[in-house]
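For reference, the chains in residue letters:
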Amino acid sequence: MASSPTRTDPAPAEAGGEPLAILCGGGAFPLAVAHAARRAGRSVQIFALRGHADPGVAAFPHVWIGLGQYGKLKAELRRRGCRDVVFIGNVLRPRLRDIKLDWQTVRLLPRIVGMLRGGDNHLLSNIGRLFERDGFRLLGAHEVAPDILVPAGRLGRKAPDRAMLDDIEIGRRALTTMGPLDIGQGVVVINRHVVAVEAAEGTDLMLRRCAELRENGRVRAPTASGVLVKVPKIDQDRRFDLPSLGVLTVEGVARAGLAGIAVEAGGVIAADLPAIIAAADAAGLFVYGFEPAGAT
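Residues numbered from 1 in each chain as written. Predicted model: local features only at pLDDT ≥ 70, side-chain atom pairs only at ≥ 80, totals over all residues. Heavy atoms only, no water.

J.: Explain the overall build of the chain residue by residue, including any values.
T.: Each helix and strand counted, the chain has 10 helices and 13 strands in total. Expressed as a percentage of the 296 residues in the chain, the buried residues total 50%. The long-range fraction of contacts in the chain, counting pairs at least 24 apart against all pairs at least 6 apart in sequence, stands at 73%. Accessible surface, the chain as shown: approximately 14100 Å² in total, 53% of it carbon and sulfur. (Helix = DSSP H or I, 4+ residues; strand = E, 2+ residues; numbered from the N terminus. Buried < 20%, exposed > 50% of the residue type's maximum accessible area, 1.4 Å probe, protein only. Contact = heavy atoms within 4.5 Å. Areas by Shrake-Rupley, 256 points an atom, 1.4 Å probe, with all protein chains shown as cover.)

J.: Requested: an account of the sheet that holds strand E11 (residues 260–264), with residues and values cited.
T.: The strands that make up a sheet are held in pairs by hydrogen bonds between backbone atoms, and each pair lies either parallel or antiparallel. Overall, mixed pairing links the six strands, which are arranged E6-E13-E11-E9-E7-E8 in an open sheet. With partners counted over all chains shown, the strands left at the sheet margins are strand E6 (153–154) and strand E8 (193–197), one partner each. The sheet contact formed by E11 and strand E13 (residues 286–290) spans five bridges and is parallel. Looking at the pairing, Ile-261 lines up with Val-287 of E13. Seen against the sheet, helix H8 (residues 202–215) touches strand E7 (186–190), E8 and strand E9 (227–230) and runs at an angle of roughly 130° to E8. Each of E9 and E11 touches helix H9 (residues 247–255); the most contacted strand, E11, lies at about 130° to it. (Pairing = 2+ DSSP bridges. Axes fitted to C-alpha atoms, helices over the stretch in contact; angles between N-to-C directions.)

J.: Before we move on, can you summarise the environment of Gly-51 with the specific residues and values?
T.: Summarising the element assignment, Gly-51 is placed in the loop between strand E2 (44–49) and strand E3 (62–65). Along the backbone, Gly-51 and Leu-67 are 16 residues apart, and their C-alpha atoms lie at a distance of 9.1 Å.

J.: Can you lay out the nonpolar core for me, pointing to particular residues and giving the numbers?
T.: Residues Val-188, Leu-228, Leu-245 and Leu-258 are the most contacted members of the largest nonpolar core, which totals 28 residues. Of all the elements in the fold, those that place two or more residues in this core are E7, E8, H8, H9, E11 and helix H10 (273–283). Those residues in contact with Leu-245 that lie beyond four places of it in its chain are Phe-29, Val-150, Lys-230, Ile-261, Val-263, Val-268, Ile-269, Ala-270, Ala-271 and Ile-276. Grouped together as the second largest cluster of nonpolar side chains are 25 residues, Ala-36, Ala-37, Ile-46 and Ala-48 included. (Core = buried A, V, L, I, M, F, W, Y, C linked by side-chain atoms within 4.5 Å.)

J.: Describe in detail the pattern of salt bridges, supporting the description with residues and values.
T.: Opposite charge on two side chains permits pairing when their charged atoms draw close. Scanning all chains against the criterion turns up 15 salt bridges. Here Arg-192 and Asp-166 are joined by a salt bridge, their closest N and O atoms 3.9 Å apart. With Arg-192 in the loop between E7 and E8 and Asp-166 in helix H7 (residues 162–178), the pair connects residues that are 26 residues apart, well separated along the chain. By relative accessible area, which is 51% here, Arg-192 ends up exposed. On the basis of relative accessible area, Asp-166 is assigned to the partly exposed category, the value being 25%. In this structure, the salt-bridge partner of Arg-239 is Asp-237, at a minimum N-O distance of 2.7 Å. Look at the salt bridges and you will find they share partners, linking Arg-42, Asp-84 and Arg-137 into a network. (Salt bridge = Lys/Arg side-chain N within 4 Å of Asp/Glu carboxyl O.)

J.: Kindly report on the pairing of strand E4 (residues 84–88), identifying the contributing residues and their values.
T.: Most of E4 is tucked away: five of the five residues are buried. The alternating pattern of E4 places Asp-84, Val-86 and Ile-88 and Val-85 and Phe-87 on opposite faces, both of which are buried. Of the strand pairs in this sheet, strand E1 (residues 20–24) and E4 are connected by four bridges, and their pairing is parallel. Bridge assignment links Cys-24 to a residue of E4, and that residue is Ile-88. Alignment of E4 against strand E5 (residues 137–139), held across three bridges, turns out to be parallel. By the bridge assignment for E5, Val-86 is matched with Leu-139.

Below you can see the structure in the form of structure tokens.
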């Protein structure tokens, strides 16, 4: 990544008017959103977080930004004519001492310390307010690329049976209860028993822990039972950090011996849903989108 150019010159505006700024971390979602915006006729400017974003951002006009360089980011957004900003991609929460602050960020340090004292939703919502204070408009990735939202219903060959639907309901209720505490967006339920809750480790490591629980006999249910359930947090600002699925999620569910994956329809994103469904079908798993609580 160090060999990548620091920045490219802004591209001329396309038919879509002012360019869309994508502030991106790692993973496949930033590029999926960028391609969707470009297909819709909108020009795209990538602001790639150094040490996190994929080198594939070089396919778009881009600039590398370090964590703690808010002054540089703000100046580049304005120089490139960007008002609409999307935050997307994986970023590990940094330690304050690991952030190299530019002068404008130093002036914000007391506020930044307060942002870091809380869960992810607290942190991201406060970052959003900072951008809005400076005149930028924040959009959710799903507003730019609605196709990344997982739809309702059975999405592959298999469907959940009655027992699995009961596990899904238990998982949904557990996440609804924990949401105000800003804990996580996923749980694993087996035979109406919550056996794992996603916290700071993320979904993949939670699923690895479930596989270990089976291996050491702490979970004695037969394989092909239980479900991964993912739901956005209650009152979550959906412009940030919607729960996501990927092919790695399917692989983790299979290793954990579960029967499938259930997510809130319209509340979870997938960069390549056809690939996820194909992987689930090959593994004999179901993928199911359930309606949000209270939906009619």
